Amino acid sequence: MHASGGLVPPAAVAPDSTQQAIGYPSLFLLVLIGALVPVVPTGALVSAAAVVAFHRTAPFSMVLVFATASLAAFLGDVALYWLGRRGMASKNGSRWLEAIRQRAPEERLAQAQEKLTDHGVAVLVLSRLIPAGRLPVMLACLVAKWPLRRFVRGNLPACLAWAATYQLIGVLGGSLFPEPWEGVLAAIVLTVLISVAPGLWRRVRRTPAG
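Counting from 1, residues in each chain are numbered in the order their sequence is written. The model is predicted, so local features are restricted to residues of pLDDT at least 70 and side-chain atom pairs to those at 80 or more, both for listing and for counting; the totals for chains, interfaces and linings are taken over all residues. Side-chain metrics rest on all non-hydrogen atoms present in the structure, leaving aside hydrogens and water.

Q: Account for the nonpolar core, with residues named and values stated.
A: Joining through side-chain atoms within 4.5 Å is the link that ties buried Ala, Val, Leu, Ile, Met, Phe, Trp, Tyr and Cys residues into a set, and such a set is a nonpolar core. Buried, partly exposed and exposed residues are distinguished by accessible area as a fraction of the type maximum, computed with a 1.4 Å probe on protein chains only: under 20%, between the cut-offs, and over 50%, respectively. Counting residues in hydrophobic clusters, the biggest one holds 21 residues, and the most contacted among them are Tyr-81, Ile-100, Met-138, Leu-139 and Cys-141. If you list the elements that add at least two residues to this core, you get helix H3 (61–89), helix H4 (95–102), helix H5 (106–119), helix H6 (122–129) and helix H7 (134–143). Contacts are assigned to residue pairs with any non-hydrogen atoms lying within 4.5 Å of each other. Apart from residues lying up to four places away in sequence, Leu-139 is in contact with Leu-97, Ile-100, Arg-101, Ala-104 and Leu-109. Grouped together as the second largest cluster of nonpolar side chains are 16 residues, Tyr-24, Ala-72, Trp-162 and Tyr-166 included. Think of it this way: any DSSP run of H or I at least four residues long counts as a helix, any run of E at least two long counts as a strand, and we number them from the N terminus.

Q: Tell me about unusual backbone geometry, and name the residues and values.
A: Residue Lys-145 is not a glycine yet carries a positive backbone phi of 60°. Looking at where Lys-145 falls in the secondary structure, it is placed in the loop between H7 and helix H8 (148–176).

Q: Break down the confidence of the model for the protein for me, with residues and values.
A: Confidence scores per residue from the predictor, reported as pLDDT, run from 0 to 100. When the pLDDT values of the protein are averaged, the result is 77; 72% of them are 70 or greater. Element-level pLDDT for the protein is lowest in helix H9 (residues 180–206), with a mean of 61, against a maximum mean of 91 in H3. Throughout residues 1–15 the model reports pLDDT below 50, and contacts reaching past four residues in sequence, or to other chains, amount to four contacts.

Q: Pulling in residues and values, what's your account of the environment of Gln-113?
A: Along the chain, Gln-113 falls in helix H5. Expressed as a C-alpha distance, the spacing of Gln-113 and Leu-139, which sit 26 residues apart in the sequence, is 8.7 Å. Apart from residues no more than four positions distant in its own chain, Gln-113 is found in contact with Ala-140 and Val-143.

Encoded structure:
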């Protein structure tokens, strides 16, 4: 087959197909791990993947990034909550429950419990969009003994909103620069700034004047 006949040679298709075959499973795995072990910058990963999808001419790339990220985040959150419930029921707890508690300071947990009491499931959606807000709210749900089914109902729209938000950040970065690597860098920098901004603001407020 020749390119002049209107058919694309297999060699020209292979690189993009290979990237997709590797990229989407890798994105799924990393976001899933990031939900279970909250040290992976999952928001930056989704934004970077969205930049690549924005510059790719393959159809449905953006849809695949959104579906992959939201599904991985959802499954990871549900698995972590299930493990946390097992830890709450156990006399010795669990390392997963301890990991949640370490990243949910008493002050943040108290705020999350108050908001959860006042607003219910809506707090789950917001917690996914606020940097470092997911684990305090998840722990508040565990303390309130929410059944897994109730957590799942609230967590589904939370993960969809989270994936859409960080994908939008990636699209913004991709549209500002002609080269994909420039957009990826911009998206990562932006997501890092978003994640550290609340912590910096709290430190500034606590610093006594003078």
